[in-house]
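# Architecture and fold: a report
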Amino acid sequence: MTAQLTTRPAARVEDRHRTLAATLAALALAMATTSIVGPLGLDLMRYRTSPTTLNQLLGSDAAALFVVVPLTLAAAVLTLRRHPIAPPLATGISGYALYTYAQVVIGQEYLRLPGNVERFFPLLLAVFLLAEAVLVLAWRALPLRLPSPSRPLARVAGVTLLVVAAFLVFGLHLRSMATAWSDPGAMIEYASSPTPFWMVKLMDLGIVAPAAVVVGVGVLRRAGWAQRVAYALLTGWTCLAVSVTTMGVVMVVNGDPDASPVLVGGFGVVAVALGLLTVTFYRSLVLRRRASASPMCWCAPDVPRDLVLGRVEAPQSTPLPGRIAGVSGSPARPRVARR
């Protein structure tokens, strides 16, 4: 009975790790397949969009194939090794995938521009479903209490989240929205593909920016829930910043009329800054975890670490006081020395 009680929780934890690792590997394969069958690779899947938006999708596919897919495979390996950064890393990757591939599906100009992207809807749906599964599994694997970053680091992270949210609202979207309202023909991107234009506006202004403000304020106030979400948010934003930077590079290389080298440089700086901040955030997690080693397993806070590692042994019976080991009967009498 004791052996069953000690092995069942460990088996559940091991199955949970294997499931998350397998789902991450499947997500990486699905994202890589999407990039390869698209215009970046075999050109079997043709997007129904304008040349300007096509350049952006090419950059997004390149970032997914060469940056996000290897990062997803690394998260799968770290999950199998029970590394503490695996769950928040997987959560951030899943958020990036949900954001990106929702736009790929919904942001097409169906029945208006040529293409065949709808035939590959099962593949895109698979990416979306796998990202949802990774989000749920990785969030369940997060410890109830993550090590808090230092006060200076938390302050930098909170301010960064607020600054990026302000940049999205005032520096990026309001200006283009004002142009779309006053002179729609002045922007080739909007005039040729209005659907993805408003799709990005909705998701950035309705989801990304508000989440950044709430989490940024929470991190500045040292709220535990905000610090927990910040790991995933910083990871997802770093992936998005790399993706947007790659989009801008492709637009500049292909001579897109809406290309802007200044914006490419700006987003490149943002991507590097977010990447360094994210790495520092994760480094703080690893160092704090080592410094304050807990007897509880990081992946299942209610399961002792020794139980997961198989170090728990069945209790052995100890001889009763006053008895000689291996001899039953009455207690041994003390010998009296004879002269």
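This text follows the structure it describes.
Just so we're clear, the structure is a prediction, and the values are computed from it rather than from any experiment.

Another point: the environment of Val244. Note on placement: Val244 falls in helix α8 (residues 224–253). Spatially, the C-alpha atoms of Val244 and Gly268 are 8.6 Å apart, while their sequence positions differ by 24 residues.

Turning next to the packing of aromatic side chains. All chains considered together, the criterion is met by 6 aromatic pairs. On the basis of an interplanar angle of 90° and a centroid distance of 5.1 Å, the ring pair of Phe197 and Trp198 is categorised as edge-to-face. Note on Trp198: relative accessible area 31%, which makes it partly exposed. Every member of this aromatic cluster is reached through a ring pair, and the members are Tyr190, Phe197 and Trp198. The ring of Phe197 is capped by Lys201, whose NZ or CZ atom sits 3.8 Å from the centre of that ring.

Let's shift gears to the nonpolar core. Counting residues in hydrophobic clusters, the biggest one holds 76 residues, and the most contacted among them are Met31, Tyr101 and Trp237. Broken down by element, this core gets its largest block of residues, 12 residues, from helix α3 (residues 86–106). Other than its neighbours up to four places away in sequence, Trp237 contacts Leu161, Val164, Ala165, Val208, Ala212 and Leu274.

Another aspect to go through is the pattern of salt bridges. Counted under the stated rule, the structure contains 2 salt bridges. For Arg48, the salt bridge goes to Glu118, with nearest N and O atoms at 2.9 Å. Placement of the pair is Arg48 in the loop between α1 (2–37) and α2 (51–80) and Glu118 in the loop between α3 and α4 (121–141), with a sequence separation of 70 residues. By relative accessible area, which is 14% here, Arg48 ends up buried.

What follows concerns helix α7 (residues 194–220). Helix length check: α7 (27 residues) gives 37 Å between terminal C-alpha atoms against 39 Å at 1.5 Å per residue, within 8%. Two residues or fewer past α7, Arg222 is found with a positive phi of approximately 65°.

Definitions and cut-offs
Residues numbered from 1 in each chain as written. Predicted model: local features only at pLDDT ≥ 70, side-chain atom pairs only at ≥ 80, totals over all residues. Heavy atoms only, no water. Helix = DSSP H or I, 4+ residues; strand = E, 2+ residues; numbered from the N terminus. Phe/Tyr/Trp six-rings, centres within 6.5 Å; stacked < 30°, edge-to-face > 60°. Buried < 20%, exposed > 50% of the residue type's maximum accessible area, 1.4 Å probe, protein only. Lys NZ or Arg CZ within 6 Å of the ring centre and 35° of its normal. Core = buried A, V, L, I, M, F, W, Y, C linked by side-chain atoms within 4.5 Å. Contact = heavy atoms within 4.5 Å. Salt bridge = Lys/Arg side-chain N within 4 Å of Asp/Glu carboxyl O. Expected span 1.5 Å × (residues − 1).

Geometric values such as these leave the question of function open.
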